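Below are the chains, spelled out letter by letter.
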Amino acid sequence: MKKFKILFAFLIFISCSDDNEEISGDTGLFYQSTFFDGLSRDYILFVPDSYDENENTPIVFNLHGGSSTAEEQLNYISDMRSLSDNEKFILVYPQASSDANGIPIWNLGSVNSKATDVDDVGYISHLIDRISEFYSVDRDRIYVTGFSNGGYLSFELACKLSSKIAAFASVAGHMFIDTYNDCSPSHPTPFLSINGTEDNYDGIAEYYLPVENSNNYWIEYNNTDLNPNVVELEDVNTSDGSTVQYYSWKNGSNGVEIDHYKVIGGEHSWPSLNSNSDKEKSNGDIDSDRIIWEFFSRFDINGLR
């Protein structure tokens, strides 16, 4: 009888695991799990009502910061669902695994990243393939953005998963030194960054590059103009203690470019027109979500569309 109970419990576990692995193919918001590299990994999938199975649809991966969650990224940092529905792209908010202290963090693939041994580049690649089994995905238009530690991983993905990533954006993130030293993109890659000058703009110790250095890497790799166009953006929110300078290096290989939003006086945040500057100390002059999507939408894996 005891053996039967154990077997019955095991079958229930397998059944639940299989159910978590299933993707409905419908539109809506789904809390999903998938098995990759021996681990059960969670992610949030949003497929807009505007999705049409007869059209190939882009995907935007939106990566949360360290010690945060996919749900927090969706609900409090960067909710792109209305953009997704209006502009017709699939949204994915993956969940990082936790380190030895129980803190969710993305692994940058090096001992110096002080994270975990989890293959997060492989995990994102797995999600691309998995979602493509159930939806009509435009494999030439896979984009990734991230906040803070998620921004760090976006650099890693642009370097290590270049064959699948068309363009990427980092908000309040830096290029890790080991990512820089082992970066091997396979095609000209459009890149957008948003960084506050009061948020380690000049790098972190010896591990995370100054913003200028990481921008310069992609400027050189993409063979863009060396001198940027610079525009002082309107100070929409005069109470947030910050302003924004927009830099754009154009005319890169295959028509790609590098864009940078330098938030003068900005701290560690995701700028938004809805920012409450008193509580969040966040810039309220720009809409990061829209800026990122409008940048992505101009490019596919072959360059300027």
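Reading guide: rules and limits
Residues numbered from 1 in each chain as written. Predicted model: local features only at pLDDT ≥ 70, side-chain atom pairs only at ≥ 80, totals over all residues. Heavy atoms only, no water. Axes fitted to C-alpha atoms, helices over the stretch in contact; angles between N-to-C directions. Helix = DSSP H or I, 4+ residues; strand = E, 2+ residues; numbered from the N terminus. Parallel < 35°, antiparallel > 145°, perpendicular 65-115°, else oblique. Contact = heavy atoms within 4.5 Å. Nonpolar A, V, L, I, M, F, W, Y, C, P; charged D, E, K, R; others polar. Salt bridge = Lys/Arg side-chain N within 4 Å of Asp/Glu carboxyl O. Buried < 20%, exposed > 50% of the residue type's maximum accessible area, 1.4 Å probe, protein only. 1 Å grid on protein atoms, 1.4 Å probe; cavity = no way out; pocket = protein on both sides within 12 Å on 5 of 7 lines; lining within 4 Å. Points joined across faces, edges and corners; volume = space filled by probe spheres on them. Pairing = 2+ DSSP bridges.

Caption draft 1: The arrangement of the packing of helix H4 (residues 120-132) against helix H5 (residues 149-160) in detail. Direction vectors running N to C along H4 and H5 enclose 75°, while the axes themselves pass 10 Å from each other. For the element pair H4 / H5, the angle class is roughly perpendicular. Contact residues: Asp120, Val121 and Ile124 in H4; Leu153, Glu156, Leu157 and Lys160 in H5. Split by residue class, the contact of H4 with H5 holds 4 nonpolar, no polar and 3 charged.

Caption draft 2: Highlighting the pattern of salt bridges. Using the criterion set out here, one finds 11 salt bridges in the structure. Measuring nitrogen to oxygen at the nearest pair gives 3.0 Å for the salt bridge that ties lysine 160 to glutamate 156. Of the two residues, lysine 160 and glutamate 156 both sit in helix H5, 4 residues apart, roughly one turn of that helix. For lysine 160, a relative accessible area of 32% puts it in the partly exposed group. Each of Glu21, Arg130 and Glu133 takes part in a single network of salt bridges with overlapping partners.

Caption draft 3: Layout of empty space enclosed by the protein. For the coordinates displayed, the defined rule picks out 1 cavity of 30 Å³ or more. Estimates place the volume of the largest cavity at around 50 Å³. Contributing to the lining of the largest cavity are Val171, Ala172, Ile194, Asn195, Gly196, Val263, Gly266, Glu267, Ser269, Pro271 and Asn283. Counting residues per element, the lining of the largest cavity draws most heavily on strand S7 (residues 191-196), at 3 residues. Residue composition of the lining of the largest cavity, grouped by class: 5 nonpolar, 5 polar and 1 charged.

Caption draft 4: Structural detail: the pairing of strand S3 (residues 57-63). Within S3, 7 of the 7 residues are buried, leaving the element largely enclosed by the surrounding structure. Burial along S3 is two-sided: Thr57, Ile59, Phe61 and Leu63 and Pro58, Val60 and Asn62, pointing in opposite directions, are all buried. As defined by bridge partners, S3 adjoins strand S5 (residues 137-147) across 6 bridges and the pair is classed as parallel. Of the residues in S5, the one forming a bridge with threonine 57 is valine 137. Pairing of S3 with strand S4 (residues 90-94) involves 3 bridges; the strand directions are parallel. By the bridge assignment, valine 60 is partnered in S4 with leucine 91.

Caption draft 5: Main features of the sheet that holds S4. Taken together, 10 strands build an open sheet; the order of strands is S1-S2-S4-S3-S5-S6-S7-S10-S9-S8 and the sheet is mixed. Taken across any chain shown, the strands that pair with only one partner, and hence form the sheet edges, are strand S1 (28-36) and strand S8 (229-232). Across the sheet, the mean angle separating the axes of adjacent strands is 20° when strand polarity is ignored. The pairing of S8 with strand S9 (residues 243-249) spans 4 bridges and is classified as antiparallel. Note on S9: the bridge partner recorded for asparagine 229 is serine 248. Contacts from helix H7 (residues 211-222) reach strand S6 (167-171), S7, S9 and strand S10 (258-264), with the element oriented near 165° to S10.

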